[in-house]
Amino acid sequence: MKRRVSIGLAVVLLLAVVAVIVRGRDSGPELATVRGVIGSEKQAFFTDQRVVDAFARHGLKVEVDTAGSRQIATTVGLGKYAFAFPSSSPAAQKIQRDRKVTTVYTPFQSPMAIATFEPIVKLLQGNGVVHKGAGDYDVLDIAKYLDLAKAGTRWDQLPGNTAYPARKNVLVTTTDPRESNSAAMYLAIVSFVANGNAVVSTPDQEAKVLPAVSKLFLDQGYTQNSTEGPFEDYLSAGMGKTPLALIYESQFVDRVVRGDGSIRPDMRMLYTAPTVYSKHTLVPLTADGDQVGQLLATDPELGKLAATFGFRTTDPKLFADVAARVKAPADLVDAVEPPSFETLERLLDAVGKQY
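Residues numbered from 1 in each chain as written. Predicted model: local features only at pLDDT ≥ 70, side-chain atom pairs only at ≥ 80, totals over all residues. Heavy atoms only, no water.

A. Representation of the overall build of the protein in the model. The helix and strand inventory of the protein stands at 15 helices and 11 strands. In terms of principal-axis extent, the alpha carbons of the protein reach across some 105 × 45 × 35 Å. The buried share among the 355 residues of the protein stands at 50%. When the accessible surface of the protein is totalled, it reaches about 16500 Å², and 54% of it is carbon and sulfur. Across the protein, the centroid of the 39 positively charged side chains sits 5 Å from that of the 38 negatively charged ones. (Helix = DSSP H or I, 4+ residues; strand = E, 2+ residues; numbered from the N terminus. Buried < 20%, exposed > 50% of the residue type's maximum accessible area, 1.4 Å probe, protein only. Areas by Shrake-Rupley, 256 points an atom, 1.4 Å probe, with all protein chains shown as cover. Lys, Arg positive; Asp, Glu negative; His and termini not counted. Charge placed at Lys NZ, Arg CZ, Asp CG, Glu CD.)

Take a look at the structure:
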């Protein structure tokens, strides 16, 4: 009897050991959790299962919270994060200075663009506001656009306009400049042109451009706080509500690559002339955060995945493959740098005070 009990206990113990081994194999190695704060336009990338699996192969579980780039640089408590990943280099530079970080990573970037429609493109071409860029793509001439905005020109006042005779001003729909990075990048573009094609860098230049650039925001009325807002309006409500929407190029490219039918045949993407690249810059705050930055900048698998989300990566060939599919230019020549963080903040605050 005792022998049978001993054999039974031995079998139970053996089965328990086997179960532990199998469970361990199924669960895989324990992952190091790395937490970061990012701009919201990168959330879909970080939560994509392919990206999650790619990080896991390097022993990392990357979790993210989202915030506006201005908030990440100024009000977000960064003590609980391993990395900060705003959507603009000026914001990243401030974090880098404040946290005394010597190394940063810019694994991908996206130029600002305009989501619009074929009838609007033809109308603006006829009025000299849209023309061909350096390659086979169209651009919105910001200088000529500013002339229309300064004069308060309505759509129904444009000569030859039978496609969109709306009784509202010719304006690009943006986000709220008090909260959104894309609006800050738009401000960088229009202030450059309003300043005689030079980056705004002095208080006198700020005062000079402020009336013209403020009007571009204030005349819109209500604006949303995320670029997803006007882009979703563009996709769903169509030309009547949003004839010109400021977006990141990556948003439009991502939808085309998805092939989900949201980009219809009459939808077009323009680039601004000049444009600004929104440089997604990762500031590592811990050793694990630095590893995330290194992987995003150097890992071929993560780079290829980023390109499918519409981001231009450190390897130009990755986006070139995507660009060929969506008819986006592989390179944009007419691009300028944004002002310093401090100059941009003063301009944004000055515009915000007028609301």
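That covers the picture; the talk isn't over yet.
B. Helix H14 (residues 316-326), seen in detail. Buried residues of H14: Leu318, Phe319, Val322, Ala323 and Val326, and no others. Buried residues of H14, viewed axially, fall in a sector of 130 degrees; they line one side. In H14, the exposed positions angled more than 90 degrees off the buried face are occupied by Pro316, Lys317, Asp321 and Ala324. In the core, the buried residues of H14 are packed alongside helix H11 (249-258), helix H13 (300-308) and strand S10 (312-313). Residue Lys327 follows H14 closely and has a positive phi angle near 60 degrees. (Arc of directions from axis to C-beta. Contact = heavy atoms within 4.5 Å.)

C. Quick look at the nonpolar core. Judged by nonpolar contacts, the single largest core of 73 residues is most densely connected at Leu124, Leu140, Tyr145, Trp155 and Tyr234. Among the elements that line this core, the one with the most residues is helix H8 (residues 181-194), at 10 residues. Here Tyr234 is in contact with Ala115, Thr116, Phe117, Thr242, Ala245, Phe252, Met267 and Arg268, once residues within four sequence places are set aside. Formed by 24 residues, the second largest nonpolar core is a distinct cluster that contains Ala54, Phe83, Phe85 and Phe309. (Core = buried A, V, L, I, M, F, W, Y, C linked by side-chain atoms within 4.5 Å.)

D. Layout of helix H7 (residues 142-150). Of all the positions in H7, only Ile142, Tyr145, Leu146, Leu148 and Ala149 are classed as buried. Seen from one end, H7 has its buried residues packed into an arc of 160 degrees, which puts them on one side. Opposite the buried face of H7, at more than 90 degrees from it, the exposed residues are Asp147 and Lys150. Those residues of H7 that are buried lie in contact with strand S6 (138-141), H8, helix H9 (203-218) and strand S8 (267-273). Taking the backbone nitrogen of Ala143 as reference, a side-chain oxygen 3.1 Å away marks Asp141 as the first, capping residue of H7. Just downstream of H7, Gly152 is the residue with a positive phi angle, here 65 degrees. (Polar contact = N/O pair within 3.5 Å; in protein donor to acceptor, adjacent residues only side chain to side chain.)

E. Representation of the pairing of strand S1 (residues 32-38) within the structure. Relative to strand S2 (residues 60-66), S1 is paired through 7 bridges, and the arrangement is parallel. When the bridges of S2 are listed, Ala32 appears paired with Leu60. Pairing between S1 and strand S3 (residues 83-85): 3 bridges, direction parallel. Bridge assignment links Val37 to a residue of S3, and that residue is Ala84. (Pairing = 2+ DSSP bridges.)

F. Structural context of the pattern of salt bridges. The final tally for this structure, using the stated rule, is 26 salt bridges. One salt bridge in this structure joins Asp138 and Lys132, with 3.5 Å as the shortest N-O distance. Overall, the relative accessible area of 5% leaves Asp138 in the buried class. Residues participating in the shared-partner salt-bridge network are Glu118, Lys122, Lys132, Asp136, Asp138 and Arg268. (Salt bridge = Lys/Arg side-chain N within 4 Å of Asp/Glu carboxyl O.)

G. Structural view of the packing of H9 against helix H15 (residues 341-352). Running from amino to carboxyl end, H9 crosses H15 at an angle of 55 degrees, the nearest separation of the two axes being 10 Å. For the element pair H9 / H15, the angle class is oblique. In the crossing of H9 with H15, the sense of the turn from one axis to the other is right-handed. Note on element contacts: H15 touches H9 through Thr343, Arg346, Leu347, Ala350 and Val351, opposite Glu206, Val209, Leu210, Ser214 and Phe217. In the contact of H9 with H15, the residues fall into 6 nonpolar, 2 polar and 2 charged. (Axes fitted to C-alpha atoms, helices over the stretch in contact; angles between N-to-C directions. Parallel < 35°, antiparallel > 145°, perpendicular 65-115°, else oblique. Left-handed = near helix turned anticlockwise from the far one by under 90°. Nonpolar A, V, L, I, M, F, W, Y, C, P; charged D, E, K, R; others polar.)

H. View of the pairing of strand S7 (residues 245-248). Neither face of S7 is exposed, since Ala245 and Ile247 on one face and Leu246 and Tyr248 on the opposite face are all buried. In this sheet, S7 lies alongside strand S4 (residues 105-117) in antiparallel orientation, the contact comprising 4 bridges. The partner of Met112 across the bridge, within S7, is Tyr248.

I. Examining unusual backbone geometry more closely. Cis rather than trans, the peptide bond between Ala273 and Pro274 has omega equal to 5 degrees. Locating Pro274 in the fold gives a position in the loop between S8 and strand S9 (275-284). Phi is positive for Asn197, close to 60 degrees, though the residue is something other than glycine. Tracing the backbone shows Asn197 in the loop between H8 and H9. Residue classification places Asn197 among the exposed residues on the basis of a relative accessible area of 53%.

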